[in-house]
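What the coordinates show
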Amino acid sequence: MNNRLYGNLIFELSHPGRRAYSLPENKFGSYEVPADMRRAADAALPECDELTVVRHYTNHSANNFGVNNGFYPLGSCTMKYNPAIDEEIAAMPEFANLHPLQPADTCRGALDVYEGLQRSLSEISGLAKFTLNPFAGAHGELTGLMIIRAYHERRGDLKRTKVIVPDSAHGTNPASAAVCGLDVVEVKSTPEGIVDVDDLRSLLDDTVAAMMMTNPNTLGLFEKEIPEIAELVHGCGGLMYYDGANLNPMLGVCRPGDMGFDVMHINLHKTFSTPHGGGGPGAGPVGVRKGMEDLLPGESEISVGPYHGNFAVLLRAYAYILSLGKEHIKEVGPLATLNANYIKESLKDVYHLPIDTVCKHEFVFDGLEDKSTGVTTMDVAKRLLDYGYHAPTIYFPLLFHESLMIEPTESESKDTIDGFIDVMRRIAEEAATQPEVVKSAPHNTPIGRVDDVLAAKHPVLTYRQMDTQE
Ligand SMILES: *Cc1c(COP(=O)(O)O)cnc(C)c1O
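Residues numbered from 1 in each chain as written. Predicted model: local features only at pLDDT ≥ 70, side-chain atom pairs only at ≥ 80, totals over all residues. Heavy atoms only, no water.

With that out of the way, let us pick up the packing of helix α5 (residues 108-125) against helix α11 (residues 311-347). Working note: a packed helix pair is described by the angle between its axes plus the distance between those axes. Here α5 crosses α11 at 50°, and the two axes come no closer than 9 Å. In terms of their interaxial angle, α5 and α11 are classed as oblique. Classified by chirality, the crossing of α11 by α5 is left-handed. Mapping the contact onto sequence places Ala110, Val113, Tyr114, Gly116, Leu117, Ser120, Leu121, Glu123 and Ile124 in α5 and Phe311, Leu314, Leu315, Ala317, Tyr318, Ile321, Lys326 and Ile329 in α11. Here the contact of α5 with α11 is built from residues that sort into 13 nonpolar, two polar and two charged. (Axes fitted to C-alpha atoms, helices over the stretch in contact; angles between N-to-C directions. Helix = DSSP H or I, 4+ residues; strand = E, 2+ residues; numbered from the N terminus. Parallel < 35°, antiparallel > 145°, perpendicular 65-115°, else oblique. Left-handed = near helix turned anticlockwise from the far one by under 90°. Contact = heavy atoms within 4.5 Å. Nonpolar A, V, L, I, M, F, W, Y, C, P; charged D, E, K, R; others polar.)

See below:
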């Protein structure tokens, strides 16, 4: 494979007059594009032969990293399990070629999928009804908060503008509250990493619209004070919102609806298959408890998106749920929890574990145990690439300076996990014996260490731009 040739920019491979494809002879006559709509000069497009084009893009695609290439222990936002059967079903022409404005009696099957998924999510979560409209987790949060705002407004309770968010929350929580026109108030975490109930008490009054909680929270910890928190928040007239982006450790084990939550969203693209690297595609259905169904989009004034949401993502989720079934969906949580705890316990002597307790599907290290080496979490993450692993989530949550958030998911084998543990230990050893190797990593990837700051401040996004910089 001649990567040096085909790995160049396609523009650098261009030669005037070369073609990969020729249009058939025009048998239909021509149409003159009006002069004021024509280009002044030809577009600067690369001119290459067919094999050059094919090899160029094939070789680039081989540089992608995904769950089909290797272990991908990205905490919080990871793809848990993405069976190929779900992709096949989503690609079936009977579904893929549907039009959202098609008459209902011509797409009964799709409507059955829709209603079946709504019912399944209700059963999984313990909430009464779901809208499948929102296109992402953050979109679900916004939808849920609009529902909460409408709930208070409907009762004429207009002073409720405060949303309480834990300091460990995903950044989208405070952002969604702010976009919804609500005021964000932060509640502290205890040294054990869960919501500080005493601090919460001091924030409660009759202006609280809602409390948003993630469970397990972003440290991978089960919020065991939820019953008391729900009672306190409800006691002052607020509602309980559940961020269910990462529901895998809860599946079939316990239900937000039974814990006292009123509104929640679920990230189908995290827990219920659908590959979503690079920001999409997604679906963030929102569920509400009994008595709030008429506030859902479609039933109320609230409108969050056109038609029926991201149907192909909904389809994958329904296929995933049905293929596991009631019996096997219960195995997801314990396996995800076992895998995460196994890694945590196997590495906590060389990586610093700030909260040493049983975790759920993920956990957070605060960098290496030995801080004297000067090797940072960024260095460890880059060095992992040399060994063929995707890096974990780093520098999130913000509670620690050197966060390294690891989530193996339920679907990895013990061999894969042991391989990862070995490499993490090897990196810790390298940090002690030859720190320069770790600090200058990666060494085996097509591109070495990128200057993040320069890339953010002076992004070079087009070929032309690169030209003018040289
Ligand atoms: C991923 C995530 C979100 C946001 O979901 P998007 O689909 O990325 O908008 C919200 N909360 C938590 C805990 C998450 O992990």
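What follows picks up the thread again.
Relative to the elements of secondary structure, Ser120 occurs in helix α5. Placed 121 residues apart in sequence, Ser120 and Tyr241 show a C-alpha to C-alpha distance of 20 Å.

Our focus in this paragraph is the pairing of strand β3 (residues 183-187). Remember that side chains alternate between the two faces of the sheet whenever the strand is regular. Here strand β2 (residues 162-166) pairs with β3 via five bridges, running parallel. The partner of Pro166 across the bridge, within β3, is Val187. Crossover β2 to β3 through helix α7 (residues 172-179) is right-handed. (Pairing = 2+ DSSP bridges. Right-handed = clockwise from strand over helix to strand, strands pointing away.)

This part takes up the sheet that holds β2. The strand order β1-β7-β6-β5-β4-β2-β3 describes an open sheet built from seven strands, whose pairing is mixed. In the strand order of this sheet, the two ends are held by β1 (129-131) and β3, each with one partner. Across the sheet, the axes of successive neighbouring strands diverge by a mean angle of 25°, strand direction being ignored. Of the strands in this sheet, β2, β4 (208-214), β5 (239-244), β6 (263-266) and β7 (286-288) touch helix α6 (residues 137-154), which is tilted by about 170° from β5.

As a further point, take the pairing of β6. Burial along β6 is two-sided: the residues Val263 and His265 and Met264 and Ile266 are all buried. Relative to β6, β5 runs parallel, the two sharing four bridges. Of the residues in β6, the one forming a bridge with Gly244 is Ile266. Sheet analysis places β6 next to β7, joined by three bridges and oriented antiparallel. By the bridge assignment, His265 is partnered in β7 with Val286. (Buried < 20%, exposed > 50% of the residue type's maximum accessible area, 1.4 Å probe, protein only.)

It is worth spelling out the site of the ligand at this point. By nearness alone, 15 residues border the ligand, and Gly137, Ala138, Asp243, His269 and Lys270 come closest of all. Here Lys270 contributes a side-chain N or O atom positioned 2.8 Å from an oxygen atom of the ligand. Burial of the ligand by the surrounding chains reaches 88%, relative to a free accessible area of 380 Å². For the shell around the ligand, the secondary-structure elements that each account for two or more residues are α6 and α10 (268-271). At three residues, the largest contribution of residues to the shell around the ligand is made by α6. For the shell around the ligand, the residue count by class is four nonpolar, eight polar and three charged. (Near = heavy atom within 4 Å. Polar contact = N/O pair within 3.5 Å; in protein donor to acceptor, adjacent residues only side chain to side chain. Areas by Shrake-Rupley, 256 points an atom, 1.4 Å probe, with all protein chains shown as cover.)

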